[in-house]
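# Structural features, examined
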Amino acid sequence: EDIDFIDSVECFVATSNGLYQIYDGYIDKYSKKSALPSQFIQSAYFNKKSNCLFIGTGEKGMLELEFKTCYSFISEQGFKENVSLNSIIRNQEGEALVGGNCCDIYKIGIDTVLTYSNTKHSYASLSEIEGTLVAGTWGEGIKLIRNGELIGEIKGTRQLPNNYVHASFQDSRGNIWISTGHGIAVGNN
């Protein structure tokens, strides 16, 4: 599940029961009944420049939603069939990056998908902290990636409550918060 804010009054919420759009006190729900090919929505990213919403699904790959349009990125664009996409972010260079349960981290191009990092893990979450991609995995801790290359990792009980990493975030004081399957870890580097 994920949330992406468009502005101070509008956001999209990805859930296992569909996609919710919240704005001005109203809530709209989108699911298979609304013509989405999947209602198992795991991640959402709104691209303000192109006015479209990218959503990662549990069984139908990544979808690009535009006003009255739904475009599915499939194997011809670079995704493996039926990939589960858990996290979509925009890095400091302005690239949209996608991580999922299948092996690679992808970079979204115009009507195409490119491999950003082929570090071959099952990714649960992505974030960028101080120019480094912090890629949380399902059971292998955190992979630290810069310019598509693996530069380090954080794992094990000395550093994390467990190695299933659901989210990471740096607050305004510089503290880094890591959400895992067995609790939260906090550190400053």
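Placed above this text is the structure.
Residues numbered from 1 in each chain as written. Predicted model: local features only at pLDDT ≥ 70, side-chain atom pairs only at ≥ 80, totals over all residues. Heavy atoms only, no water.

### Observations concerning the sheet that holds strand β11 (residues 105-109)
If you trace the 4 strands from one edge of the open sheet to the other, you get β9-β10-β11-β12, paired in antiparallel fashion. Here the strands that pair on one side only, and so sit at the sheet edges, are β9 (85-90) and β12 (112-117). Across the sheet, the axes of successive neighbouring strands diverge by a mean angle of 30 degrees, strand direction being ignored. Where strand β10 (residues 96-100) lies against β11, 4 bridges are found, and the strand directions are antiparallel. Within β11, the position partnered with A96 by the bridge is I108. (Pairing = 2+ DSSP bridges. Helix = DSSP H or I, 4+ residues; strand = E, 2+ residues; numbered from the N terminus. Axes fitted to C-alpha atoms, helices over the stretch in contact; angles between N-to-C directions.)

### Concerning the packing of aromatic side chains
Considering all chains together, one arrives at 2 aromatic pairs under this definition. With 6.1 Å between their ring centres and 25 degrees between their planes, F12 and F46 make a pair best called stacked. Residue F12 is found in strand β2 (residues 10-15), and its partner F46 is found in strand β5 (residues 41-47); the two are separated by 34 residues along the sequence. Considered together, F12 and F46 belong to a single accessibility category, that of buried residues. Consider the rings of Y23 and Y26, whose centres lie 6.0 Å apart with planes at 35 degrees: the pair is tilted. (Phe/Tyr/Trp six-rings, centres within 6.5 Å; stacked < 30°, edge-to-face > 60°. Buried < 20%, exposed > 50% of the residue type's maximum accessible area, 1.4 Å probe, protein only.)

### A closer look at the nonpolar core
Membership of the largest hydrophobic core is limited to 12 residues, which are I6, F12, A14, L19, L36, I41, A44, F46, L53, I55, L63 and L65. Counting residues per element, the ones that place at least two in this core are β2, β5, β6 (52-57) and β7 (62-66). Per-element tally for this core: the top contributor is β5, with 3 residues. What L19 contacts, discounting residues up to four positions off in sequence, is F12, V13, A14, D28, K29, Y30, L36, I41, L53, I55 and L65. With 11 residues, the next largest nonpolar core counts Y45, C52, F54 and Y106 among its residues. (Core = buried A, V, L, I, M, F, W, Y, C linked by side-chain atoms within 4.5 Å. Contact = heavy atoms within 4.5 Å.)

### Side note on the sheet that holds strand β17 (residues 165-170)
Taken together, the 3 strands give an open sheet; going across it, the order is β17-β18-β19, and neighbouring strands pair in antiparallel fashion. The sheet is open, and its two borders are formed by β17 and β19 (183-187), each paired with just one other strand. Averaged over all pairs of adjacent strands, the angle between their axes in this sheet comes to 15 degrees, without regard to strand direction.

### Points about the environment of V186
Structurally, the position occupied by V186 is in strand β19. Sequence separation of V186 and N175 is 11 residues, and the distance between their C-alpha atoms is 6.6 Å. Each residue touching V186, except ones within four places of it in the same chain, is listed here: I176 and W177.

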